[in-house]
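Survey of secondary and tertiary structure
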Amino acid sequence: MPKVENWQLGRAMDYPYEESRPRRQLAMIMDTNKCIACQTCTVACKTTWTPGRGQEMMLWNNVESKPYGFFPLGWDVKILEKLGVQDLSGPVYEGRTLFDAAPPGELVLGYLPEDLDYAHPNVGEDDSLGSMTQGAFLTLPHMQWMFYLPRICNHCTYPACLAACPRQSVFKRPEDGIVLIDQERCRGYRECVRGCPYKKSYFNPITHISEKCIGCYPAVEQGRQTQCTITCIGKIRLQGYLAPPAHARDDNPLDYLVHVARVALPLYPQFGLEPNVYYIPPIHVPPPYLRQMFGHGVEKAMETYRGAQDDQRLLGALLLFGATPYILHHFRVQGDWAVGYDEDRREVVRVPLREPVYLRGAYDARAGTHRTNIT
Amino acid sequence: MRNRITAPTAVLLMAIGTLAGCEQRPPLSSDLVAVRVPTDPGLRDPDSPVWRGVPEVRIDLLAQNVTPPTALEPATEELRVQAAHDGHVLAIRLEWEDPTEDVATTSDRFGDQVAVQFPAAHGGGPLPSPMMGHDGAPVRVMQWRAVLQHELDHGAPTIHDLYPNAVVDLYPDRLLGGEVASPYGGGRLVGNPVSRPRLLSPVITQVAEGWGTLTDAPDQPAGGRGVWRDGRWRVVITLPFDPHGRGEAGLQPGLETQLAFAVWDGGVQEVGSRKAWAPWAPLRIEP
């Protein structure tokens, strides 16, 4: 079994294929502190890619509530239970990955969801951990809490779907690391559905084969961010390209946020897939819960994020989220502005670090009328 | 050593069987021989009386426990095989026990399947590995799928056939022209045989050169028909002979070749390499 380097685990690990990183890797950062579960991303993805026959129940992008929401039902708690409690306390992961834990005769530790598990995408929505007691007041972290977790396929560096497919119908593009299911080659074995711990591979009952998030590759190929990113009302997402730590460039906003500032963390890194969608953890949620979900760097990430108002560089990077439909390859803070550049270092967007303030008097001389406060 | 059961003996055996009140089985044989029969459309029908006199071989099936994902305790233990031809078409009839008829797919349901495997160079060259062939020694695999059979007989299901309470706003092909709506066709758009909307045969002809390499053959000569009744599947797979390069290459009366088998019980989520299988058994096609 080949050994590959997984920087999120801080060590090498077993994987059925030799290490072969793409020329560049599509990645995304989501700021969970800003997500309001408006589901605009979900609708954007669905109308763009999955309005077809057999795709009705697919949510390549979904937003679920935590702690009690899941799509499909219990996807994370089920695989966490199968894997067993693992040690996530340090920068080097001492536990088992899903490949280490594969049972005899299997390639990956996984399970096939029941069909009905897909029937309740809004289960647990907005449910807090518990009820507030009479007279309680919130401190940080909140004692009763919930947050929204938007999810897409993580276009993992070491995908379990790709490892699980016995006929190599799942492939990872060398130009951008996007993971795809070959619609010509797939036979609907659903080993990928079993294998993916995030359950982002879906079966189409009309075509009898499987489908998954395609990373909006037609848009990405033209330098545009994904549909779920550019339609996000809350501007919680930034999609671009991420390098492994040794090749990280400080002026690439994704490299900066993940490798330098370290405010953005991978989702369930302990599975060993090196997922490429990163999350800024919700600052109001108790760290023990978040540590299981995002790894050991959560407390540091939360502390750094809360200090953003005093860190111009971090603030500038965060303000570029949702600022432009184009993929930003470089950024910098110039005085009071955060500036984003494309691959050829052409300026694509410019965002003020402070929202400009306009004072409007009670009387509008130009229109010859009084301004009425109608709020 | 071959047991040639003559016609009078076969009749006597069947009569004894009937008198004894047990199930009327075709005569048992230890060797797989494709007997020559007069041309009969019943060759393509697993329920046809033409099969009653054709000797039957009982094949013990093995667990696929070599390459992951494995099936360590597959559902099917025995396959009954008969073969016959009329000089134009070779027909292989397969019968096995399956308590459930699995003909539809949803995310956790799989269809029943059976497959026969030939060396690609019928009767010539080194024998390929019985496990889907090996590098440089390809095999031909004819795979019958209950789901495709069902769609051929009853039409492809809509989402409302699978989920009666499904709510759908609008499909792209209702609003957009064919060209623009085609990306939403997925497997159907690219002509994946498992997805294909214009179904011609419930049997997919494929080639392989080792496990994991199974690919559709450019030609699709195999036909077939399957019927499930009383806890048993009865499937016929047909292959035209190849006198002028239009049938199954190398297949002809008088050929001695090998045949391997695989069976999948969709009811227990068998699919792909999770299967029961049998290695090469000699097949003699009567001249």
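Residues numbered from 1 in each chain as written. Chains lettered and ligands numbered in written order. Predicted model: local features only at pLDDT ≥ 70, side-chain atom pairs only at ≥ 80, totals over all residues. Heavy atoms only, no water.

1. Regarding the overall build of chain A
Each helix and strand in chain A was counted, giving 10 helices and 17 strands. Against the globule reference of 21 Å for 375 residues, chain A gives a C-alpha radius of gyration of 22 Å, in line with a compact fold. Dimensions of chain A, computed from C-alpha atoms along their principal axes, come out at roughly 80 × 60 × 45 Å. Counting over 375 residues, chain A shows a buried share of 57%. When contacts within chain A are restricted to residue pairs at least 6 apart in sequence, long-range pairs at least 24 apart make up 62% of them. In the form shown here, chain A has an accessible surface area of approximately 16,100 Å², with 53% of it arising from carbon and sulfur atoms. Within chain A, one finds 40 positive and 41 negative side-chain charges whose respective centroids are separated by 3 Å. (Helix = DSSP H or I, 4+ residues; strand = E, 2+ residues; numbered from the N terminus. Rg over C-alpha atoms; globule rule 2.2 N^0.38 Å. Buried < 20%, exposed > 50% of the residue type's maximum accessible area, 1.4 Å probe, protein only. Contact = heavy atoms within 4.5 Å. Areas by Shrake-Rupley, 256 points an atom, 1.4 Å probe, with all protein chains shown as cover. Lys, Arg positive; Asp, Glu negative; His and termini not counted. Charge placed at Lys NZ, Arg CZ, Asp CG, Glu CD.)

2. Overview of the interface of chain A and chain B
Every contact between the two is made by 35 residues of chain A and, on the other side, 43 residues of chain B. Both faces considered, chain A and chain B share a buried interface measuring about 3,400 Å² in area, 49% of it formed by carbon and sulfur atoms. Joining chain A to chain B, the criterion identifies 4 salt bridges. A salt bridge links A:R53 to B:D173; its shortest N-O distance comes to 2.7 Å. Inspection of the chain A/chain B interface yields 25 residue pairs in polar contact (both at pLDDT 80 or more). Secondary structure elements with two or more residues in the side of chain A that touches chain B: α1 (40-49) and α4 (191-195) of chain A. Counting residues per element, the side of chain A that touches chain B draws most heavily on α1(A), which supplies 3 residues. In the side of chain A that touches chain B, the residues fall into 13 nonpolar, 10 polar and 12 charged. (Buried area = accessible area lost by both parts, 1.4 Å probe. Salt bridge = Lys/Arg side-chain N within 4 Å of Asp/Glu carboxyl O. Polar contact = N/O pair within 3.5 Å; in protein donor to acceptor, adjacent residues only side chain to side chain. Nonpolar A, V, L, I, M, F, W, Y, C, P; charged D, E, K, R; others polar.)

3. Considerations on the state of the cysteines
All names here are of chain A. One pass over the structure, following the stated rule, counts 0 disulfides over all chains. C196 takes part in no disulfide bond, and the closest cysteine sulfur to it belongs to C161, at a distance of 6.1 Å. Classification of C196 by relative accessible area gives buried; the value is 10%. (Disulfide = S-S within 2.5 Å.)

4. Details of the domain arrangement of chain B
Accessible area lost upon the coming together of the parts serves often as the stated size of an interface. All names here are of chain B. In terms of domain boundaries, chain B breaks down into domain 1 (28-156 + 199-285) and domain 2 (157-190). Here the C-alpha centroids of domain 1 and domain 2 sit 32 Å apart. Between domain 1 and domain 2, the residue contacts involve 6 residues of the former and 6 residues of the latter. Counting the surface lost from both domain 1 and domain 2, the interface buries some 370 Å², and carbon and sulfur atoms represent 59% of this. (Domains from an automatic or database assignment.)

5. Observations regarding the pairing of strand β4 (residues 78-85) of chain B
All names here are of chain B. Counted residue by residue, β4 has 7 buried out of 8 residues, so it is predominantly covered. The pairing of strand β1 (residues 32-36) with β4 spans 3 bridges and is parallel. Opposite A34, over in β4, you have A83 as the bridge partner. Note: strand β2 (residues 57-60) against β4, 4 bridges, orientation antiparallel. Residue pairing for β4: R58 is matched across the bridge by R80. What sits between β4 and strand β5 (residues 89-97) in their antiparallel hairpin is a turn of 3 residues, with G87 showing a positive phi close to 90 degrees. (Pairing = 2+ DSSP bridges.)

6. A word on the sheet that holds strand β12 (residues 277-280) of chain A
Residue and element names in this part refer to chain A. Spatial ordering of the open sheet is given by β10-β3-β12-β11, a layout of 4 strands whose pairing is mixed. The sheet is open, and its two borders are formed by β10 (237-242) and β11 (265-266), each paired with just one other strand. Of the strand pairs in this sheet, strand β3 (residues 25-31) and β10 are connected by 6 bridges, and their pairing is antiparallel. When the sheet's bridge partners are listed, M28 is paired in β10 with Q239.

7. Topic: the sheet that holds strand β14 (residues 337-341) of chain A
Residue and element names in this part refer to chain A. Across the sheet, 3 strands lie side by side as β13-β14-β15; this open sheet has antiparallel pairing. The sheet is open, and its two edges are formed by β13 (330-334) and β15 (347-352), each paired on a single side. Adjacent strand axes in the sheet meet at a mean angle of 20 degrees when their direction is disregarded. When β14 meets β15, the two strands line up antiparallel, connected through 5 bridges. Across the sheet, residue A338 finds its bridge partner in β15, namely V351. The strands touched by helix α10 (residues 312-319) are β13, β14 and β15; relative to β13, the strand with the most contacts, the crossing angle is about 125 degrees. (Axes fitted to C-alpha atoms, helices over the stretch in contact; angles between N-to-C directions.)

8. A word on the nonpolar core
Proteins that are soluble and globular tend to have nonpolar side chains buried together. A:Y198, A:L267, A:F271 and A:F294 are the most contacted members of the largest nonpolar core, which has 97 residues in total. Looking at this core, the element that brings in the most residues is helix α3 (residues 160-164) of chain A, giving 5 residues. Discounting residues that sit within four places of it in the chain, A:Y198 has contacts with A:W75, A:R151, A:N154, A:C156, A:L267, A:Y268, A:F271, A:L273 and A:P275. B:A34, B:L79, B:A276 and B:A278 belong to the second-largest nonpolar core, a separate cluster that totals 36 residues. (Core = buried A, V, L, I, M, F, W, Y, C linked by side-chain atoms within 4.5 Å.)

9. Focus on the side chain of A:K212
Residues and elements named next belong to chain A. Take K212: it is sitting in strand β9 (residues 209-212). D176 is the oppositely charged side chain nearest to the buried, salt-bridge-free K212, at an N-O distance of 10 Å. At 2.5 Å, the side chain of K212 and the backbone oxygen of V179 are in polar contact. Each residue touching K212, except ones within four places of it in the same chain, is listed here: W60, C153, H155, V179, L180, I181, K200 and S201.

10. Here we look at α10(A)
Those residues of α10(A) not exposed but buried are A:L314, A:L315, A:G316, A:A317 and A:L318. One side-chain oxygen of the residue at the start of α10(A) lies 3.2 Å from the amide nitrogen of A:R313, identifying that residue as A:D311.

11. So, the packing of aromatic side chains
A ring pair, where both rings are aromatic, is described by two values, the distance of the centres and the angle of the planes. Residues and elements named next belong to chain A. A complete count under the given rule lists 18 aromatic pairs over all chains for this structure. Geometrically, the ring pair formed by W75 and Y198 is tilted, given 6.0 Å between the ring centres and 50 degrees between the ring planes. On the criterion of sequence distance, the pair formed by W75 in helix α2 (residues 75-83) and Y198 in the loop between α4 and β8 (201-204) is long-range, its members being 123 residues apart. Here the two residues W75 and Y198 agree in accessibility, since each one is buried. Among the aromatic side chains, those forming a connected cluster through ring pairs are Y15, Y17, F99 and Y158. We note R151 situated over the ring of W75; from NZ or CZ to the ring centre the distance is 3.8 Å. Its guanidinium or amino end placed over the ring of Y111, K199 lies 4.2 Å from that ring's centre, counting from NZ or CZ. (Phe/Tyr/Trp six-rings, centres within 6.5 Å; stacked < 30°, edge-to-face > 60°. Lys NZ or Arg CZ within 6 Å of the ring centre and 35° of its normal.)

12. A look at unusual backbone geometry
Residue and element names in this part refer to chain A. Here K66 and P67 are connected by a cis peptide whose omega angle stands at 15 degrees. With respect to the helices and strands, the residue P67 is situated in the loop between β4 (62-66) and α2. The linkage connecting F71 with the following residue, P72, adopts the cis geometry, with an omega of -5 degrees. The topology assignment puts P72 in the loop between β4 and α2. Unusually for a residue other than glycine, Q39 sits at a positive phi of about 65 degrees. Structurally, Q39 is set in the loop between β3 and α1. Positive phi values are uncommon outside glycine, yet K199 reaches one of about 55 degrees. Examined against the element boundaries, K199 turns out to sit in the loop between α4 and β8.

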